[in-house]
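The lines below spell out each chain.
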Amino acid sequence: MDAVLDDLARHWPLYAAMPFVAALIGYVTKRVAIEMMFKPLEFIGIPPLLGWQGVVPKHGGRMAAVATELLTANLLDLREVLGRIDPVIITSELEQPLLRAVDHIAREVLAEHHPRLWEVMPTLAQEMLIKQVQASAPRLVREFLDDVRENLDEVLDVQHMTVQRLTRDKKLLVRLIRETSRPEMAFIARMGVYFGFGLGLVQTIVWAFTREPWVLPIFGGVIGLCTDWLAIKLIFVPREPVRVGRVIFQGKFQRRRAEVARQYGELIANEVLTVRNLLDAILRGPRADRLAARVEHLVSETVDAQMPLAWTVGGTRLREMKHAAARKALEQLPDTARYAEGYLTEAMDVAKVIEQRMLALTPLEFEGLLRPAFRQDEWKLIAVGGVIGFVVGELQVLLMLG
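This section reports on the structure supplied with the text. (Residues numbered from 1 in each chain as written. Predicted model: local features only at pLDDT ≥ 70, side-chain atom pairs only at ≥ 80, totals over all residues. Heavy atoms only, no water.)

**Some thoughts on the side chain of Q263**
The condition is simple: Comment: elements are numbered from the N terminus, with helices defined as DSSP H or I runs of at least four residues and strands as E runs of at least two. In what follows, a contact means two residues having at least one pair of non-hydrogen atoms within 4.5 Å.
Tracing the backbone shows Q263 in helix α16 (residues 257–272). Residues in contact with Q263, not counting those within four places in the same chain, are E179, T180 and R256.

Here it is as structure tokens:
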């Protein structure tokens, strides 16, 4: 005992530094583990084994599929969301751009497919024909909206759209997970300091009595391993509040349910399920041909309603005109719809719908929002923490014995 006290007196600065070095190990290993979850976006090194790619971007497809499954199964009924759109208001919002689009399409189709008829028609007759077609536009909008709502699954594959969007844009997937879990990441780093300091005190006592060179690297490795594992666990468990005396314990992610629900809803609404993205998925997605067929049917009915025009055009040419009008209508749709983008975003209110549904999830379902990001290659992150801690421990040995 006297020898231990003598060594403490002669090397007290080094002994005093041990818990703080251990705390630093805990913090550094956590920060490295956190960054390794998200960076780099692309694989760096010699594939397939020598190198690294962030856990989230590496498993982007699987994580996107999990997020989409949660979104479509528990959080959002897109048919219900589209049901919030008032046909009268949307028609009013689109009135002027719609009239311009109809005018442009009608003149272009007639001039292209029946130039002689169009050229010989008096200007007044041309304008009357255009006005007749324009008068049908509001009804066409209402029927189009009703048709899309009723047959949504046939014209939009929302799972395909969401997975494609998140997989193609790795930065967006990283931001979706990182933004909603930022406090948890900070918590992991802080826990590394606290746990590291506590284990460092034990390490200091063991070293003082043993002076064994293996003590420091082994403790460093244990600090790196245990603090990583424990910090991740404390994010999610306990799922339900547990009262111990006056203190209530609950996983940090579960405690932030309201905040996470709001952030997640806003990110999905502003980055994934936007009006433009939904429209693009409908027009260019795997089921776009079905939408084209439905639009052509609606346009055909509108053209047939203009009986004087139908009487003057042969059957084959009339079918070509209908097809061309439907195609041009689809081409014009994104530019026309942008005039109502503000109303559509406000009416659908995707962020609020997702937030409310998330608050109604069970703790286990709610955990599923973030847990996959940690579960994939989690053991590698913990192992890296252990290796870093072991290396720093070896450096401590050299310092202590030097």
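**Thoughts on the pattern of salt bridges**
Charged atoms that come close allow side chains of opposite charge to pair. Going by this rule: Any Lys or Arg side-chain nitrogen found within 4 Å of a carboxyl oxygen on Asp or Glu counts as a salt bridge. Only protein chains enter the accessibility calculation, which uses a 1.4 Å probe; a residue whose area is less than 20% of its type maximum is buried, one above 50% is exposed, and one in between is partly exposed.
Under the criterion given, the structure shown has 11 salt bridges. In this structure, E35 and K39 form a salt bridge, with 3.4 Å as the shortest nitrogen-oxygen distance. You can call E35 partly exposed: its relative accessible area is 23%. The closest approach of N and O atoms between E266 and R262, which form a salt bridge, is 3.8 Å. Of this pair, E266 and R262 both sit in helix α16, 4 residues apart, which is roughly one turn of that helix. You can call E266 partly exposed: its relative accessible area is 35%. Given the relative accessible area of 36%, R262 is considered partly exposed. Beyond isolated ion pairs, a larger network of salt bridges with shared partners links R31, E35, K39 and R178.

**Re the nonpolar core**
Convention followed: Among the buried residues, those of types Ala, Val, Leu, Ile, Met, Phe, Trp, Tyr and Cys that are joined through side-chain atoms within 4.5 Å form a nonpolar core.
Core analysis: the largest hydrophobic core is formed by 86 residues, its most contacted members being L76, I90, Y264, L273, I354 and M358. If sequence neighbours within four positions are ignored, I354 has contacts with L71, L75, L76, Y264, G265 and I268. Counting 7 residues, the second largest nonpolar core, distinct from the first, contains Y15, W207, A208 and V215.

**A short note on the side chain of R256**
As a reminder of what qualifies: The definition of a polar contact used here is a pair of N or O atoms within 3.5 Å, where within protein one atom must be able to donate a hydrogen and the other to accept one, and adjacent residues in sequence count solely through side-chain atom pairs.
Topologically, R256 is positioned in the loop between α15 (252–255) and α16. A distance of 2.7 Å separates a polar atom in the side chain of R256 from the backbone oxygen of T180. The contact partners of R256, leaving out residues within four places of it in the chain, are T180, S181, P183, E184 and Q263.

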